[in-house]
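# An overview of the molecular structure
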Amino acid sequence: MSQDSRTAGAVTRQQASLPASMESQIDATLASWQEQDKVARLWQRDPGLWTGADEGQWLGWLDIVAQIRDQISSMEELAREVAKEGYTHCLLLGMGGSSLCPEVLKRTFGALPQRPELFVLDSTDPAQVLAFEKKVDLTRCLFVVSSKSGSTLEPNLFLQYFLDRAKTTVGPAEAGRRFVAVTDPGSKLEAVAKAENFRRIFAGVPSIGGRYSALSAFGMVPAAVMGLDLKRFLDTAQGMVDACRAPGAENPGLALGVTLGVAALAGRDKLTLLTSPGIGALGGWLEQLIAESTGKEGKGIIPVDLEPKTALAHYGKDRIFVYLRLATAPDPAQEATVAALETAGQPVVRIAVPGTYDIAAEFFRWEFATAVAGAVLGIHTFNQPDVEASKIETRKLTEAYEATGALPSEAPILEDAGLKLYSDPRNAEEIARLAGSEKTLEGYLHAHLSRVKPGDYLALLGYIEMNSAHEAALQEIRASVLEAKRIATCLGFGPRFLHSTGQAYKGGPNSAVVLQITCDDAVALPVPGQDYTFSVVKAAQARGDFEVLAERGRRALRVHLGADTMAGLHRLRAAITTALKA
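Cut-offs applied
- Residues numbered from 1 in each chain as written.
- Predicted model: local features only at pLDDT ≥ 70, side-chain atom pairs only at ≥ 80, totals over all residues.
- Heavy atoms only, no water.
- Helix = DSSP H or I, 4+ residues; strand = E, 2+ residues; numbered from the N terminus.
- Contact = heavy atoms within 4.5 Å.
- Areas by Shrake-Rupley, 256 points an atom, 1.4 Å probe, with all protein chains shown as cover.
- Lys, Arg positive; Asp, Glu negative; His and termini not counted.
- Charge placed at Lys NZ, Arg CZ, Asp CG, Glu CD.
- Axes fitted to C-alpha atoms, helices over the stretch in contact; angles between N-to-C directions.
- Parallel < 35°, antiparallel > 145°, perpendicular 65-115°, else oblique.
- Left-handed = near helix turned anticlockwise from the far one by under 90°.
- Nonpolar A, V, L, I, M, F, W, Y, C, P; charged D, E, K, R; others polar.
- Salt bridge = Lys/Arg side-chain N within 4 Å of Asp/Glu carboxyl O.
- Buried < 20%, exposed > 50% of the residue type's maximum accessible area, 1.4 Å probe, protein only.
- Pairing = 2+ DSSP bridges.
- 1 Å grid on protein atoms, 1.4 Å probe; cavity = no way out; pocket = protein on both sides within 12 Å on 5 of 7 lines; lining within 4 Å.
- Points joined across faces, edges and corners; volume = space filled by probe spheres on them.
- pLDDT = per-residue confidence, 0-100.
- Phe/Tyr/Trp six-rings, centres within 6.5 Å; stacked < 30°, edge-to-face > 60°.
- Lys NZ or Arg CZ within 6 Å of the ring centre and 35° of its normal.

### Thoughts on the overall build of the chain
Check the secondary structure of the chain and you find 22 helices and 17 strands. Here the C-alpha coordinates of the chain stretch approximately 65 × 65 × 45 Å along the principal axes. Sequence-distant contacts in the chain: of pairs separated by 6 or more residues, those separated by 24 or more amount to 79%. For the chain, the accessible area works out to roughly 20200 Å², and carbon and sulfur atoms hold 51% of it. Side chains of the chain carry 60 positive and 68 negative charges; the gap between the two charge centres is 2 Å.

### Considering the packing of helix α16 (residues 385–404) against helix α21 (residues 534–551)
Contact geometry for α16 and α21: axes closest at 8 Å, N-to-C directions at 135°. Classed by the angle they form, the pair α16 and α21 counts as oblique. Like other packed secondary-structure pairs, α16 and α21 cross with a definite hand, here right-handed. Where α16 approaches α21, its residues A389, S390, E393, T394, L397, T398 and Y401 are matched on the opposing element by V536, A540, Q541, R543, G544, D545, E547 and V548. Among the residues making up the contact of α16 with α21, the classes are represented as 6 nonpolar, 5 polar and 4 charged.

### Points about the pattern of salt bridges
Here the structure, examined in full by the defined rule, presents 38 salt bridges. E103 serves as the salt-bridge partner of R496, at 3.1 Å between the closest nitrogen and oxygen. Taken as a pair, R496 in the loop between β15 (488–493) and α20 (502–507) and E103 in helix α5 (residues 97–109) lie far apart in primary sequence, 393 residues in all. Of the residues examined, R496 reaches a relative accessible area of 15% and is grouped as buried. Linking E335 and R325 is a salt bridge whose minimum nitrogen-to-oxygen distance equals 2.9 Å.

### Section: the sheet that holds strand β17 (residues 555–560)
Here we have 6 strands laid out as an open sheet, ordered β12-β13-β17-β16-β14-β15, and mixed in their pairing. Only two strands of the sheet have a single partner each, and these edge strands are β12 (414–416) and β15. Neighbour-to-neighbour, the strand axes of the sheet open up by a mean angle of 20°, direction not taken into account. Sheet topology note: the strand β14 (residues 457–462)/β15 ladder contains 6 bridges and is parallel. Paired with Y457 across the bridge in β15 is A488.

### A look at unusual backbone geometry
Look at the link from G494 to P495: it is a cis peptide, with omega at 5°. By secondary structure assignment, the location of P495 is in the loop between β15 and α20. Of note, the phi angle at R45 is positive, near 65°, even though the residue is not glycine. Within the secondary structure, R45 is located in the loop between α2 (38–43) and α3 (64–67). Owing to a relative accessible area of 26%, R45 belongs among the partly exposed residues under this scheme.

### What to know about empty space enclosed by the protein
For the coordinates displayed, the defined rule picks out 1 cavity of 30 Å³ or more. One number sums up the size of the largest cavity: a volume of about 30 Å³. Around the largest cavity, the lining residues are D122, S123, Q128, I464, M466, F493, G494, P495 and R496. The residue inventory of the lining of the largest cavity, partitioned by class, reads 4 nonpolar, 3 polar and 2 charged.

### A closer look at the environment of F162
Assignment of secondary structure puts F162 in helix α7 (residues 153–170). On a C-alpha basis, the gap between F162 and L91 in space is 9.8 Å, while along the polypeptide they are 71 residues apart. Each residue touching F162, except ones within four places of it in the same chain, is listed here: L91, L93, L121, V129, E133, L138, F143 and F179.

### Quick look at the pairing of strand β3 (residues 89–93)
Most of β3 sits out of view: 5 of its 5 residues are buried. By the alternation rule, side chains of β3 split into H89, L91 and L93 and C90 and L92, which are all buried. Sheet topology places β3 next to strand β4 (residues 117–121); 5 bridges connect them, and they run parallel. The partner of L93 across the bridge, within β4, is L121.

### Thoughts on the packing of helix α11 (residues 230–243) against helix α15 (residues 359–377)
It is at 7 Å that the axes of α11 and α15 come closest, and there the two elements cross at 35°. In this structure, α11 crosses over α15, and the sense of that crossing is right-handed. Residues F233, T236, A237, M240 and V241 of α11 lie in contact with α15, whose contacting residues are I359, A360, A361, E362, F363, F364 and R365. Tallied by class, residues from the contact of α11 with α15 come to 9 nonpolar, 1 polar and 2 charged.

### Details of the side chain of E55
Summarising the element assignment, E55 is placed in the loop between α2 and α3. Buried and unpaired, E55 has K296 as its nearest opposite-charge partner, separated by 8.6 Å. Each residue touching E55, except ones within four places of it in the same chain, is listed here: P47, W50, H380 and F382.

### Points about the confidence of the model for the chain
A low pLDDT means the predicted coordinates there should not be read in detail. For the chain, per-residue confidence averages 96 on the pLDDT scale, and residues scoring 70 or more make up 98% of the total. A low-confidence stretch, residues 1–9 stays under pLDDT 50, and its non-local contacts, those more than four residues away or across chains, total 30 contacts.

### A look at the packing of aromatic side chains
Summed over all chains, the structure comprises 22 aromatic pairs. Their ring planes at 75° and their centres at 5.3 Å tell us that W50 and F382 sit as a pair that is edge-to-face. With a gap of 332 residues between them, W50 in the loop between α2 and α3 and F382 in the loop between α15 and α16 connect regions that are remote in the sequence. Here W50 and F382 have matching classes, each one buried. Between Y161 and F534, the ring centres sit 5.8 Å apart and the planes meet at 80°, which makes this aromatic pair edge-to-face. Here F534 lies in helix α21 and Y161 lies in helix α7, a separation of 373 residues in the sequence. The class of Y161 is buried, set by a relative accessible area of 7%. One aromatic cluster is present, formed by W43, W50, W61, Y212, F364, F368 and F382 through successive ring pairs. Sitting over the ring of F119, K106 keeps its end group 4.5 Å from the ring centre.

Okay, here's the thing in structure tokens:
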């Protein structure tokens, strides 16, 4: 059956092909929202829509499109200054909500004429830090340090490193003018920015959480510097804001949010994203928004982005598909896939995106929809308790390093073919029991993956440099598991996913089968002013992440690749291929 809701703007068009039972439940839920005036209550910041806690204090994003217009002139003034002064690059230093929207903008619009090219660093992997340093000209680079709290570990480490490099390159007196801060008022970062004479400080809004900050200064400052037309961008967003005030099914954010929430309650909690190549980066931002907002208390929606294509029969009854179609550049292969999914009876939501500037409207549509979906699920949509748990464990490990000069020792449960396997006692015991006499890499991987059940998903978590070669190898592993086990598969690079999908992996439904991947770093890369290196921080983050996964009872195994990451990935891929055939 088909559901079609439209409002005045083309950006709000949504079509859905849904099973009859799901459609009737969606209709009933939409009717309930209208009867109980819940959209108005959401705009009034009524925490009773969720858990009755402090949700009302986190809804500043509802009004930000109107409010941020007051800052456009100062953002555009900054953009004109740096362009006139010959800056060729802008390197944004952030993590999670402060970096994912700028990355969407970079990958969607690319480098614009006569403007600095935007790059986004959000990894403590030392190879990745060095790779970004090589991409920019330090003498003509503007650094945007983006951190809502001002105390987030990664942006502060990036700031320490690149401020030191800037002082070495252009001198201490000039270095501060190469930096801009985006942070909430009164933060530690604001104090550092003032002390170091940063060129500008732009204020965040305390009532907007990081993953809802795309249309605030965290997204708009880099947008201005890279040369986007802010007025046009915000005008597009405003059309969606206005549409999301409607009380019923004509409200695009409400219609999408209810669909996703009802689907999750019906067991279709694997939200599989299909995006036109021209707006393909949007999926990475959606992953954080959805997973971190809904994945808690054993509930949640698991976003699946950039999954390799597979046969229709490999998709289970735990899926719902959303197709974000760029009208100016649709992909014929995707069109055929979506049509086939609909014919096969899979639930599919189609969203028309008229042009690239219309991602501004999608930012708001999905923020509103996620808030609605959280209300349907009955959870606090705006906290992230398990993200905080990983930060605490990481801090313990880095403090141990500072005290002793080394991270706590650990012993592998198996060493074979140049790879080492690690796990917690509970998982290690179960994997060894299932492996029986097969005390090999293939045997242990087979045992781990044999724990997969229908409705589960693979979380492939790589604490390695995020580059095209590594991603291609991990995608091949992902495809082999998808085809053999017929489960949803997710791929994340650490530590960035810790501030994104990591919340759902730990706090959402216990349906994740986790394969964490670590490596030895070729260069440790010291952090100026600290006793530890970027390599130590990344290792602590991986181990802290695993400890929380184990504490939450997740089925998890860590594979350590050694010093040659690419060779290790090839060995792992071959071993998994063999294990899946056993």
